[in-house]
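# Chains, contacts and geometry: an overview
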Amino acid sequence: MKVTVLAGGVGGAKLAHGFALCQPDVCLTVIVNTGDDFEHFGLRICPDLDTVCYTLAGLANPQTGWGRKDETFEVLQSIGELGGPTWFRLGDKDLATHLERTRRLREGQRLSEVVNEFCRGWGIRARVLPMSDDPVRTMVKTREYGWLGFQDYFVRHACQPTVQEFAFEGIEQALPAAGVLEALESSDLIVIAPSNPWVSIQPILSVRGVASLIQSKKAIAVSPIIQGQTIKGPAAKMYRELGIEPSPLAVAQHYDALLWGLVIDEFDRGFESTIKSSGIMVLSTNTIMHNEQDRHILAKKILAFSKDSNPNQPQRREF
Ligand code: GDP
């Protein structure tokens, strides 16, 4: 069965890993957000791609969810002693990824080629694709500081400013990376991971051709919002600041016409009937992935759910 997962960083990487554990029954492609990418010390940093790859390769730091395990920070510490910027935590092993990626990009390789070769080096069997080889930069308009680059908002300001609007610079010109549309087209199932809908999934859906293709396929999203909260990160805060009560219903309304089904946490079972009444199939189950086993179980439940059919399901209509 061909499964394509749309992923941001931590939440996306965990569920992608769950599907990777279903290989070889599942042939897995992961399409990853690159709107968070930025330049730092002249290096190209791709936080979501690296989180997904490190997780699939078993190299991720389980405590932080980002960066590599068994990491040291000698270079960053030495940079700090020289008065350089240390707000973005770059580990020594992680730096090797950024150095080598930047070298290859400067030599003219496309990001998707670099990722593919890195995945081979790390022994990753799944296909990992950046959403685009062209630069897209997520910008966050805040009440306090106006427009901020994503990492400025996310890391330097620790998500404290109040969000008003998002923009994805370069999205109009960005073409889907080679293989993205083909993977979606040939998928038996598309899974929108429990990543931040505003800044991790929306950039992928905004790449030309992606949303319309998903609409023609069977797509299931997993809610990153559980009991009005996130496990990590600012998604719930963003919903609130934009005047929307964060809930699985808000997530259903966010993706709306793209969805065949939505997986919500069992704590949010109360939303099931309202979401179902719009014709979206709903699975309520444990969606909190504490460990590898939880990831695998959730992926298997989603595969089983995708084969459900309910003749009494109301006609799909938009909210
Ligand atoms: P980031 O780019 O590292 O912030 O990562 P993502 O956008 O992929 O993930 C952030 C979202 O993942 C947050 O909204 C979290 O609530 C959600 N998330 C993280 N872990 C889990 C989990 O185990 N289960 C569910 N349902 N959501 C999760």
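Placed above this text is the structure.
### Things to note about the pairing of strand S6 (residues 137-142)
Pairing geometry for S6 and strand S8 (residues 163-169), over six bridges, is antiparallel. Looking at the pairing, Thr138 lines up with Phe168 of S8. Note: S6 against strand S7 (residues 146-149), four bridges, orientation antiparallel. Counted as the bridge partner of Lys141 is Trp147 from S7. Hairpin connection, S6 to S7: the antiparallel pair is bridged by three residues.

### Brief notes about the sheet that holds strand S10 (residues 219-222)
Read from one edge to the other, the open sheet built from seven strands follows the order S5-S2-S1-S9-S10-S13-S14, with strand pairing classed as parallel. In the strand order of this sheet, the two ends are held by strand S5 (127-130) and strand S14 (281-285), each with one partner. Strand-to-strand twist of the sheet, defined as the mean angle between neighbouring strand axes without regard to direction, takes the value 20°. Note: strand S1 (residues 2-7) against strand S2 (residues 27-32), six bridges, orientation parallel. Bridge pairing links Leu6 to Ile31 in S2. Running at roughly 175° to S5, helix H2 (residues 47-57) makes contact with S1, S2 and S5 of the sheet. Its contacts with the sheet put helix H13 (residues 292-306) on S1, strand S9 (189-192), S10, strand S13 (261-265) and S14, and the angle it makes with S14 is roughly 150°.

### Some words on the sheet that holds S8
Spatially, S7-S6-S8 is the arrangement adopted by the three strands of the open sheet, whose pairing is antiparallel. Edge positions in the open sheet fall to S7 and S8, since each of these has one partner strand only. Between one strand axis and the next, the sheet turns by 25° as a mean value, whatever way the strands run. Contacts between helix H8 (residues 197-206) and the sheet are confined to S6 and S8, with S8 contributing the most and set at about 40° to the helix.

### Observations regarding unusual backbone geometry
Here the amide bond leading from Gln23 into Pro24 is cis, since omega sits at 5°, within 30 degrees of zero. With phi around 60°, Cys159 is a residue other than glycine that occupies positive phi space. Along the polypeptide, Cys159 turns up in the loop between helix H6 (150-156) and S8. Residue Cys159 is classed as buried on the basis of its relative accessible area of 11%.

### Considering the site of the ligand
The full set close to the ligand counts 22 residues, and Pro194, Ser195, Ser200, Ile231 and Thr287 are the nearest of them. Taking Gly11, its main chain carries an N or O atom lying 3.2 Å from an oxygen atom of the ligand. Pro194 places a polar main-chain atom, nitrogen or oxygen, 2.7 Å from an oxygen atom of the ligand. Protein chains shield 96% of the accessible area of the ligand, which is 590 Å² for the free molecule. Class assignment of the residues belonging to the shell around the ligand gives a composition of nine nonpolar, 10 polar and three charged.

### Examining the nonpolar core
Counting 48 residues, the largest nonpolar core has Leu6, Leu184, Ile214 and Leu262 as its most contacted members. Contact partners of Leu6, with chain neighbours within four places excluded, come to Ile31, Leu184, Ile190, Val191, Ile192, Ala193, Ile201, Ile204, Leu205 and Ile214. Among the nonpolar cores identified, the runner-up in size contains 38 residues, and Cys119, Ile124, Val222 and Leu303 belong to it.

Conventions adopted
- Residues numbered from 1 in each chain as written.
- Predicted model: local features only at pLDDT ≥ 70, side-chain atom pairs only at ≥ 80, totals over all residues.
- Heavy atoms only, no water.
- Pairing = 2+ DSSP bridges.
- Helix = DSSP H or I, 4+ residues; strand = E, 2+ residues; numbered from the N terminus.
- Axes fitted to C-alpha atoms, helices over the stretch in contact; angles between N-to-C directions.
- Contact = heavy atoms within 4.5 Å.
- Buried < 20%, exposed > 50% of the residue type's maximum accessible area, 1.4 Å probe, protein only.
- Near = heavy atom within 4 Å.
- Polar contact = N/O pair within 3.5 Å; in protein donor to acceptor, adjacent residues only side chain to side chain.
- Areas by Shrake-Rupley, 256 points an atom, 1.4 Å probe, with all protein chains shown as cover.
- Nonpolar A, V, L, I, M, F, W, Y, C, P; charged D, E, K, R; others polar.
- Core = buried A, V, L, I, M, F, W, Y, C linked by side-chain atoms within 4.5 Å.

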